[in-house]
Structure formats: C-alpha cells, structure tokens
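Overview (structure and organization)
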Amino acid sequence: MRVVLLGAPGAGKGTHCKKIVGRYGLLHLSSGDILRRERAEGTDLGKKAQSYMDAGTLVPDDLIVEMMSKAVKAAPRSGFVLDGFPRTVYQAEALDRALAKDDSGIDVVINLQVDDAIVVDRITGRRSCPKCGAVYHVRNMPPKEAGVCDHDGAALVQRPDDTAEVVKNRLATYYEQTEPVVKYYKAQRDVRDVPADGDADAVAAVLFDILDVLK
Ligand code: AP5
C-alpha cells in the first residue's frame, strides 16, 4: 500500500504515520525526519538544508526530489506512507514520474485538515525524544514524567523551528506552496479530507477506516 499523508505543519502527520506504520507494516518516509538526520550527521545535504529549515521555508526542490526518490525506490514491497513529501507541485510531478517508472502508483492521498490556531498551539507545545523520535505535547500528549521520554528516559527537546515566530513562516509557506499540491491531486483523483482538530485516537480511527478497505 502506498499512502500520501498531506497536511499543514502540526496537523498530526508524524503522529498518525507512526500509528499507520504500526498497524499496516508500512515504511514511514518523513522528509523532515530524513533532513533532521542529515543535519545531525553533518552531511552536505544537512548543511545545505539547515538555513531553510530554521527559517521555516522549503528546502530547494532538486535536493528534496533526489533525496526522496532514493527513499521511495528503496522502500519494501509492503509499501510506504509519505509524510511531508510532496510539498510542491514540482515534487508531486516528480513523484508521479518516479512511481510510473516502476509501474506503480499511489493508492490513497489523505489530507489532514486543521485550524491555524490549533497548529500554533500544537507546534509550540511539541517535545520530542532525540534518541527514539517519540513525539509528545506538553498538554495534549504529555509523557508520564515531564520532560522525559517514556520509552528510553532521554531528556525531551524542542525542535529549533517550533517557535511561534517560525511557525508563522511555516504556515505561510504551506498556504503558498503546499496547498496547491492538494489541488493538484484533487484534479486527478479522489483525495480523502480528514478533519484533524479533534482527539488523536478519534482521528486515527477515521484513518484506519479509510486504509482498512485498501489492505
Ligand atoms: P517537517 O518535519 O515535515 O515539518 P512539518 O510539515 O512542518 O510538520 P510537523 O512535523 O511540524 O508536524 P506534523 O504534521 O508531523 O505534526 P505532529 O504529528 O508532530 O518539515 C520541517 C522542515 O523541513 C520544513 O519547514 C522544510 O524546511 C523542510 N522540509 C521537509 N520536507 C520538505 C519538502 N518535501 N520540501 C522542502 N522542504 C522540506 O504533531 C504536532 C504536535 O501536535 C505534537 O506535539 C503532537 O503530539 C500533537 N498532536 C498531533 N495530533 C494531535 C491531536 N489530534 N490532538 C492533540 N494533539 C495532537
């Protein structure tokens, strides 16, 4: 199964991808996570991406398309769920071309819809584990002990782009460059719009209803 999960920053893409991966055995391909790994390892790509990410703007298309094409090609036969990619119409077209080469395609495009005010609250309250990648929220999804990962006891950190100031830029970038991707897909296929303002388990239940049919 090949799934594209779209949505504004903080819509819950990463949170729900983890649940989807657990239930359907898919590979989670998050462009943001891959870029953060490249940065942590100090690679050329990581260094090039750094200033864009910190400012809340998009990393140039050519870098992203090369990075994600490799990741998609290396995905197992069971399939993948894409999180944060494609984020421009150029990237969506490149993904279509890459999948056409293997005679495969996307099975479903899901669009998580969330209000801007909720986005700001979720992102500024997000904390993550630098060791295992688990994601929490200081109020909505707190760890058992404040500031400490439930899984491995590591001290939780805040992403450098999760400040109120940078979130404004990320949202503006989303409306300018990524919302057109939703329109791109809607012009050619059914896109499943899922309201994602509510409780995470309730949102996950809707996603599972959509994906169970495709299993
Ligand atoms: P990326 O890492 O992709 O960030 P993003 O799209 O802005 O998305 P987020 O990771 O912030 O949010 P999310 O939707 O995954 O929400 P989450 O589940 O964590 O990209 C970062 C940067 O990398 C970009 O700005 C760009 O520079 C670059 N980049 C990445 N991909 C690129 C591309 N394709 N092209 C160019 N540049 C690219 O949830 C957020 C919080 O809310 C968490 O705390 C969570 O616990 C909480 N939460 C989630 N759902 C709920 C719920 N239902 N109820 C209550 N709380 C909830």
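Everything quoted here is computed from the prediction, not taken from an experiment.

What counts as what
- Residues numbered from 1 in each chain as written.
- Predicted model: local features only at pLDDT ≥ 70, side-chain atom pairs only at ≥ 80, totals over all residues.
- Heavy atoms only, no water.
- Near = heavy atom within 4 Å.
- Polar contact = N/O pair within 3.5 Å; in protein donor to acceptor, adjacent residues only side chain to side chain.
- Areas by Shrake-Rupley, 256 points an atom, 1.4 Å probe, with all protein chains shown as cover.
- Helix = DSSP H or I, 4+ residues; strand = E, 2+ residues; numbered from the N terminus.
- Nonpolar A, V, L, I, M, F, W, Y, C, P; charged D, E, K, R; others polar.
- Expected span 1.5 Å × (residues − 1).
- Buried < 20%, exposed > 50% of the residue type's maximum accessible area, 1.4 Å probe, protein only.
- Arc of directions from axis to C-beta.
- Contact = heavy atoms within 4.5 Å.

Around the ligand lies a shell of 37 residues, among which Thr-15, Thr-57, Arg-87, Arg-126 and Arg-170 are the nearest. Between Asn-140 and the ligand, the recorded distance is 3.1 Å, taken from a side-chain N or O atom to a nitrogen atom. Within the contact set of the ligand, an oxygen atom lies 3.0 Å away from a side-chain nitrogen or oxygen of Arg-159. Summarising the interface, the protein chains cover 97% of the accessible area of the ligand, which totals 1000 Å² for the free molecule. Those elements that provide at least two residues to the shell around the ligand are α1 (13–24), α2 (31–41), α3 (44–55), α6 (116–124) and β6 (135–137). Of the residues forming the shell around the ligand, the biggest block, 4 residues, is contributed by α2. By residue class, the composition of the shell around the ligand is 16 nonpolar, 12 polar and 9 charged.

In this model, helix α8 (residues 200–212) (13 residues) spans 18 Å end to end at C-alpha, consistent with the 18 Å of a helix rising 1.5 Å per residue. Those residues of α8 not exposed but buried are Ala-200, Val-203, Ala-204, Leu-207, Phe-208, Ile-210 and Leu-211. Viewed end-on, α8 has its buried residues packed into an arc of 160°, placing them on one side of the element. Across from the buried face of α8, at angles greater than 90 degrees, the exposed residues are Asp-201 and Asp-209. Those residues of α8 that are buried are in contact with β1 (2–7), α1, β4 (108–113) and β7 (191–195). N-capping of α8 is provided by Asp-199, with a side-chain oxygen placed 3.1 Å from the backbone N of Asp-201.

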